[in-house]
Amino acid sequence: MSSPGPSGSETVKKHVPFVPENMEMKEFTLRAVLLGLLMTIVLGAANAYLGLRAGITIAATYPAAVIAMAAMRAWKGSLLEENIARTAGSIGESVAAGAIFTLPAFLLAKAWPSFRPADAYWKSTALIMVGSILGVLFISLVRRGMVEDPELPFPESLAASEIHKAGQRGAQAAKYLFWNIGVGGVVYILGKFGLFAADTDLHVGVGSLGHSQVRLGTTGSTHVIATGGTTVFAAPSVSPAYLGVGYIIGVRLASIQFAGSVLAWGLLVPLFIFFLGPQLKAYIPADTPDNWANMADAVWRYIVRPIAVGGMLVGAAYTLFKMRTSLTAGIGKAFADLSQTSAQQAKLARTERYMSSKIVFGLIAVMFVLMCLLYIKISGLVWPAILAAVVMILVGFFFATVSGNLVGFIGSSNNPISGLTLSTLLIAALLMVALGVSGTSGVAAVLGVAAVVCVSSAVAGELLQDFKVGYILGGTPKLIQTAELIAVVVASLVMYFPLMLLHEGSIRAGGVGFGGPELPAPQAGLMATLALGIVGHDMAWPLVVVGILFGIAMIMMQVKSPMLVAVGMYLPFGTTFAIFVGGVIRSLGDWVANRRGFNGAQKARVENAGVLVASGLIAGEALLGLVWAGLQFVPSWGAPNHPPQMFSDPSYLVGGMIVLAGLAALMIFLPVSAAGDPNEPAPPTAMM
């Protein structure tokens, strides 16, 4: 159908949804909502695990669509029920992203005494819930114009809607996801039970302590510096989750991130160890490789990481600068949409009807009052807390719109939520300093603003993506909003527990919890560092400035993603190495597909199967990782000989490498086996 355009010579196509507006079909049902809530808890917990360990979350839209497809086909459900289940199921990933990027920062900045339920549960839940609800409300105000904008391609929304349409293919694809959840979980548990070593370090001498020296002058000069020490390099972690992340993001992005680790551990750490070695020797109890490894870790943690912080700041600012045109357009459309009359709204089709603006604004006002009370309780301040709430509302709406606009262009998988949150944190921190606020209360207020804005931006982007899928399929926006509100409330109530399990479980197993090698939590560490540095006056500014200049140099060299390089510097070497190996595995799979002469349709099926295999491996390790963390709370689990070990000294070189090779073979040849008949039509490809 078409109608005359403004000039009379042009036509504007009227949108026709897949399910006609006048067709009656089950949509908002109890089984669809319950399935969605189950998925949002499971996929949210899995992403919380992955984000704390690798600093990356994976969009849940694709696996949620496949699971909803398989379940609803078995229950003879409708297409719109599948859409409601996927909508509710995918939002948990966004809630998890907001939680893991900010909540550990309260502990790392010592704004909270501990992360146990008595000290952290209600605060965590309140921050996440208010942020999540505001994300739904904010994007509801600008939803119609952005969903209908022909300039926004919504790549992931289009793919998800096509998956729902291609029902039979989606149900068959579910086996790749479910089987590999088992594989990922089994491999993780076997490593924990000592069948193989998942990690190993290579100790490398940097000069010779007591013999190496650097002469600052010509031959014969007495300006001589004693140098030398020992540094370490980590082998790639044998982790199904890390390999899966690398496979999904591809070798290009994995290489950029790994380049940051190479700079950190191949340049900066050896350089500092080489020059500081004789001084560091005084802090080492015994001159052994293991003690030198601890010292190298300290150099990386307290010297190199602040440099990475500066790089991340520049990366975040550069990301927003590159998006300036689309951001300005998005904000303009948001305010234009607010001026819409009730008569205009009454003419909207079913696929365009959403929650009343009066209800939306009323709920925003309620959330603002609750936020003021929460900030006063968290910080112990009154007027600064109210100002923080005002900043949260203004900046939160702006960045929710920004987030939605970015999702429309690049999808939620690539949405730079951490960059938006960093900008918020800087604004809030500078305001607190201007008001003369300092100390723990000021840090808590700043992190509270950042937490709410982070969660609201993540949820807003994901919800706009779901709105677009509903727009294509013919879903009712008001019902989608209702499902999302229920899902974010449930996700907020439970999201604290996987974080607590991982943190406390790590401590009980001998680790340090958040910020340690097992749970680096890079974004949260950055938030804590900035909040303490600006408000608490406890930042190594010269090192941060070096990182800022390094970030500017990367922009001048036209590095694709300075932010990703800086994150690579911040993460452990073994983590980014494993992610890089996952990207290489995907490239090898593409090479095999090309060697076999697959056409475009076959390559699309291989890509879809590969993303599902990788998603399954990630989910499997994440779920069993949570189970393992929970076992640390069982008293007998920490007793001698518990947990039982298959080998007292498991091998990485033999056992670990064999498992790594097996996972590589699985991730290459299982997707290739899904190529199918070259004469079959091409399916919609995965979002990555």
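No experiment lies behind these values; they were computed from the predicted model shown.

K.L.:
What am I meant to see in the overall build of the protein here?
P.N.:
What the protein contains, in helices and strands, is 22 helices and six strands. For the protein, buried positions account for 58% of its 688 residues. For the protein, contacts bridging at least 24 residues in sequence account for 84% of all contacts bridging at least 6. Working note: accessible area of the protein is about 27100 Å², and carbon and sulfur atoms make up 66% of it.

K.L.:
How do you make sense of unusual backbone geometry when you look at a structure like this?
P.N.:
Trans is the common state for peptide bonds, and a negative phi is the common state for residues other than glycine. Residue Lys76 is not a glycine yet carries a positive backbone phi of 55°. Looking at the element boundaries, Lys76 is found in the loop between helix 2 (61-74) and helix 3 (79-108). For Lys110, which is not glycine, the phi torsion reads 60° and is therefore positive. Within the secondary structure, Lys110 sits in the loop between helix 3 and helix 4 (117-147).

K.L.:
Sorry if this is basic, but what is going on with the nonpolar core here?
P.N.:
Of all hydrophobic cores here, the largest spans 193 residues; its most connected members are Phe115, Leu127 and Tyr375. Looking at this core, the element that brings in the most residues is helix 14 (residues 439-473), giving 19 residues.

K.L.:
Mind showing me how you'd approach the environment of Ser237 here?
P.N.:
By secondary structure assignment, the location of Ser237 is in the loop between strand 6 (229-234) and helix 7 (240-280). Along the sequence, Ser237 and Thr200 sit 37 residues apart, while their C-alpha atoms lie 7.9 Å from each other. Sequence-distant contacts of Ser237, defined by excluding residues within four places in its chain, comprise Ala198, Asp199, Tyr242, Gly574, Thr575 and Ala578.

K.L.:
Explanation requested: the packing of aromatic side chains in the structure shown.
P.N.:
Both the distance between ring centres and the angle between the ring planes are used here to describe each pair of aromatic rings. All chains considered together, the criterion is met by 15 aromatic pairs. Taking the centre distance of 5.2 Å and the plane angle of 35° together, the rings of Tyr121 and Phe497 count as tilted. Pair noted here: Tyr121 is in helix 4 and Phe497 is in helix 16 (residues 496-508), with a separation of 376 residues, a long-range link. Tyr121 sits in the partly exposed class, given a relative accessible area of 24%.

K.L.:
Honestly, helix 18 (residues 541-556) in this entry has me stumped. Any pointers?
P.N.:
The α-helix advances 3.6 residues per turn, and as a result positions three or four apart in sequence lie on the same side. Helix length check: helix 18, at 16 residues, gives a terminal C-alpha distance of 22 Å against a target of 22 Å (1.5 Å per residue), a fit within 8%. When we look at burial in helix 18, the residues that qualify are Val544, Gly547, Gly551 and Met554. Relative to the axis of helix 18, the buried residues are bounded by an arc of 70° and lie together on one face. More than 90 degrees from the buried face of helix 18, the exposed residues found are Pro542, Leu549 and Met556. Note on helix 18: the residue one or two positions beyond its end, Gln558, has a positive phi of about 60°.

K.L.:
Honestly, the pattern of salt bridges in this entry has me stumped. Any pointers?
P.N.:
A pair can form between side chains of opposite charge whenever their charged atoms are brought close. Tallied over the full model, the rule gives four salt bridges. Here Asp466 ties to Arg86 by a salt bridge, and the two come within 2.7 Å at their closest N and O atoms. Within this pair, whereas Asp466 is found in helix 14, its partner Arg86 is found in helix 3, the two being separated by 380 residues in sequence. The same class applies to Asp466 and to Arg86, which are both buried. Between Glu680 and Arg605 there is a salt bridge; the shortest N-O distance is 3.7 Å. Note that Glu680 is positioned in the segment after helix 22 (652-672) and Arg605 in helix 21 (residues 600-631), a separation of 75 residues in sequence. Residue classification places Arg605 among the buried positions, given a relative accessible area of 11%.

K.L.:
Is there a simple way to explain a nonpolar patch on the surface in this structure?
P.N.:
Residues Leu216, Ile225, Leu267, Leu271 and Phe275 make up a contiguous nonpolar surface patch of about 420 Å² in total accessible area. When residues of the nonpolar patch are assigned to their parent elements, the largest contribution, three residues, is made by helix 7. Along the chain, Leu216 falls in the loop between strand 4 (213-215) and strand 5 (224-226).

K.L.:
Where do I start with the packing of helix 7 against helix 19 (residues 562-570) in this structure?
P.N.:
Pairs of packed helices are described in terms of their axes, by the angle between the two and the distance that separates them. Contact geometry of helix 7 with helix 19 gives a least axis separation of 7 Å together with a crossing angle of 50°. Here helix 7 lies oblique to helix 19, going by the angle between them. Once helix 7 is placed against helix 19, the crossing between them reads as right-handed. Counting all contacts with helix 7, which are made through Leu253, Ile256, Gln257, Gly260, Ser261, Leu263, Ala264 and Leu268, the residues of helix 19 involved are Leu564, Val565, Val567, Gly568 and Met569. For the contact of helix 7 with helix 19, the residue count by class is nine nonpolar, four polar and no charged.

What counts as what
- Residues numbered from 1 in each chain as written.
- Predicted model: local features only at pLDDT ≥ 70, side-chain atom pairs only at ≥ 80, totals over all residues.
- Heavy atoms only, no water.
- Helix = DSSP H or I, 4+ residues; strand = E, 2+ residues; numbered from the N terminus.
- Buried < 20%, exposed > 50% of the residue type's maximum accessible area, 1.4 Å probe, protein only.
- Contact = heavy atoms within 4.5 Å.
- Areas by Shrake-Rupley, 256 points an atom, 1.4 Å probe, with all protein chains shown as cover.
- Core = buried A, V, L, I, M, F, W, Y, C linked by side-chain atoms within 4.5 Å.
- Phe/Tyr/Trp six-rings, centres within 6.5 Å; stacked < 30°, edge-to-face > 60°.
- Expected span 1.5 Å × (residues − 1).
- Arc of directions from axis to C-beta.
- Salt bridge = Lys/Arg side-chain N within 4 Å of Asp/Glu carboxyl O.
- Patch = residues over 30% accessible without salt bridge, like charges linked within 9 Å, V, L, I, M, F, W, Y side chains within 5 Å.
- Axes fitted to C-alpha atoms, helices over the stretch in contact; angles between N-to-C directions.
- Parallel < 35°, antiparallel > 145°, perpendicular 65-115°, else oblique.
- Left-handed = near helix turned anticlockwise from the far one by under 90°.
- Nonpolar A, V, L, I, M, F, W, Y, C, P; charged D, E, K, R; others polar.

Everything listed is a geometric property; what it means functionally is a separate question.
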